[in-house]
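Structural overview for review
Each chain is listed here by its residues.
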Amino acid sequence: MISDLLHGIAMEENIPVLGFGPASAMADERPGHRPDDLLPGAQSLVCFGLPVPRGVYQMPAYGLETTWRSQNLHYRRLDTLSLRFTALLEESGAKAVPIYGCMPLGMDHKGMIVGYLNQVRMGEVTGIGVIGRNGLLLNSRYGSRLMLGGVLTTVVLPARRYPENEEPGCPPDCRICVDACPVGAILPDRKQVRIMGCLQHTARTHAMSRLKFLLLRAFDPRAAANYMSRTSFDENTFHVCSKCVALCPYGESGKDDLDP
Ligand code: SF4
Ligand code: SF4
């Protein structure tokens, strides 16, 4: 089965988390950012994740720099795997498109920066995690630290996830991420982040003119999204905040007690 081939490649590539789910479960996404908008006839989603090491987020010195480098290396691996999966699925006569990890970006009908397809939602639909109050995918082995890649395909794949973890979601009384966010960008009841508020605080993009971006956004939103993608891709963006990931305790209890 093609799903077994995809799982075999993920194992070969040391990708610890992989899931398949129905594309129809995302038919209620924003107009222009639904599976059928990107691939007419889409049947299935594939989503997979690689964790940034926990130690990286806890480094007392050079943590932000090491996070930046780790994420950029992971994005390359994830995007390359998306393309490899896509090629394999198309060898079977189907169609498939990669859903890349971070960029390029699009803009929705309200002028908000968005991914082409919401990857956090993909993660939830494929069962590899649940959405937390910090708006990120929570996984019981890797907390909020998973970076995601994906594929959309016309192949019907069986709904399945590896490993088959239980995901209870945020503890009822936890607000660590909400209280830690320096700009109040986390909307815990909606499990969302005000993305522009977050980016304004955390993103340093030396190659992007904020004024040019705002002007383009006012008159030509798609050009604004493309401008941001071209100037902020990979190493061109440095983040000075990752508190909502670094401090999230989900799935992390007891790991320091493991046998060496
Ligand atoms: S990265 Fe920082 S600013 Fe952005 S939502 Fe998380 S805690 Fe808030
Ligand atoms: S810090 Fe707490 S409330 Fe926030 S996402 Fe993590 S478990 Fe959920």
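Everything below is about the structure shown above.
What comes next is a walk through the structure.

**Brief notes about the site of ligand 1**
- Inspection of the region around ligand 1 gives 14 residues, with Cys-181, Cys-198, Cys-241, Lys-243 and Cys-244 positioned closest.
- Secondary structure elements with two or more residues in the shell around ligand 1: helix 7 (195-202) and helix 10 (243-246).
- Looking at which element gives the most residues to the shell around ligand 1, the answer is helix 7, with three residues.
- Residues that form the shell around ligand 1 fall into these classes: 10 nonpolar, three polar and one charged.

**Regarding the nonpolar core**
- Formed by 55 residues in total, the largest nonpolar core has its most connected members in Leu-45, Val-46 and Leu-152.
- For Val-46, the residues in contact, after removing those within four places along its chain, are Leu-6, Phe-20, Phe-85, Gly-150, Val-151, Thr-153 and Leu-157.

**Digging into the environment of Arg-76**
- Mapping Arg-76 onto the fold places it in helix 4 (residues 63-91).
- Look at Arg-76 and you get exposed, because 12 C-beta atoms sit within 10 Å.
- With 25 residues separating them along the chain, Arg-76 and Gly-101 place their C-alpha atoms 8.5 Å apart.

**Section: the pairing of strand 2 (residues 44-51)**
- Among the eight residues of strand 2, seven are classified as buried, and the element is accordingly described as predominantly covered.
- Both strand 1 (residues 17-22) and strand 2 contribute to a ladder of six bridges, which runs antiparallel. The residue bridging Gly-19 from the neighbouring strand is Cys-47, located in strand 2.
- Summarising the sheet, strand 2 and strand 8 (residues 146-153) pair through eight bridges and their orientation is antiparallel. Considered in strand 8, the bridge of Pro-51 is made with Leu-146.

**Quick look at the pairing of strand 1**
- Among the six residues in strand 1, five count as buried, and that is most of the element.
- The pairing of strand 1 with strand 9 (residues 160-162) spans three bridges and is antiparallel. Opposite Leu-18, over in strand 9, you have Tyr-162 as the bridge partner.

**A few points about the site of ligand 2**
- Residues in contact with ligand 2, as listed here, are Gly-132, Arg-133, Asn-134, Cys-170, Cys-174, Arg-175, Ile-176, Cys-177, Cys-248, Pro-249 and Tyr-250.
- Split by residue class, the shell around ligand 2 holds seven nonpolar, two polar and two charged.

**Focus: the packing of helix 1 (residues 2-12) against helix 4**
- Following both chains from N to C, one finds helix 1 and helix 4 inclined at 155°, their axes separated by 11 Å at the closest point. By the angle between their axes, helix 1 is roughly antiparallel relative to helix 4. Along this stretch, helix 1 crosses helix 4, giving a crossing that reads as right-handed. For the pair helix 1 and helix 4, the contacting residues are Ile-2, Leu-5, Leu-6 and Ile-9 in the first and Arg-84, Phe-85, Leu-88 and Leu-89 in the second.
- Among the residues forming the contact of helix 1 with helix 4, the class breakdown is seven nonpolar, no polar and one charged.

**Regarding the sheet that holds strand 8**
- If you walk across this open sheet you meet the five strands as 3-8-2-1-9, and the pairing is antiparallel. With one partner strand each, in any of the chains shown, strand 3 (96-99) and strand 9 form the two edges of the open sheet. Adjacent strand axes in the sheet meet at a mean angle of 15° when their direction is disregarded.
- Here helix 4 sits on the sheet in contact with strand 2, strand 3 and strand 8, set at roughly 20° to strand 8.

**Quick word on the environment of Leu-136**
- Within the secondary structure, Leu-136 is located in the loop between strand 6 (130-131) and strand 7 (137-138).
- Here Leu-136 falls in the buried class, since 24 other C-beta atoms lie within 10 Å of it.
- Separated by 55 residues in sequence, Leu-136 and Lys-191 have C-alpha atoms that sit 8.1 Å apart.
- Discounting chain neighbours no more than four positions away, the residues touching Leu-136 are Val-120, Ser-144, Cys-244 and Val-245.

What counts, and at which threshold
Residues numbered from 1 in each chain as written. Chains lettered and ligands numbered in written order. Predicted model: local features only at pLDDT ≥ 70, side-chain atom pairs only at ≥ 80, totals over all residues. Near = placed C-beta within 6 Å. Helix = DSSP H or I, 4+ residues; strand = E, 2+ residues; numbered from the N terminus. Nonpolar A, V, L, I, M, F, W, Y, C, P; charged D, E, K, R; others polar. Core = buried A, V, L, I, M, F, W, Y, C linked by C-beta atoms within 7 Å. Buried ≥ 20, exposed ≤ 12 C-beta atoms within 10 Å, placed from the backbone. Contact = placed C-beta atoms within 7 Å. Pairing = 2+ DSSP bridges. Axes fitted to C-alpha atoms, helices over the stretch in contact; angles between N-to-C directions. Parallel < 35°, antiparallel > 145°, perpendicular 65-115°, else oblique. Left-handed = near helix turned anticlockwise from the far one by under 90°.

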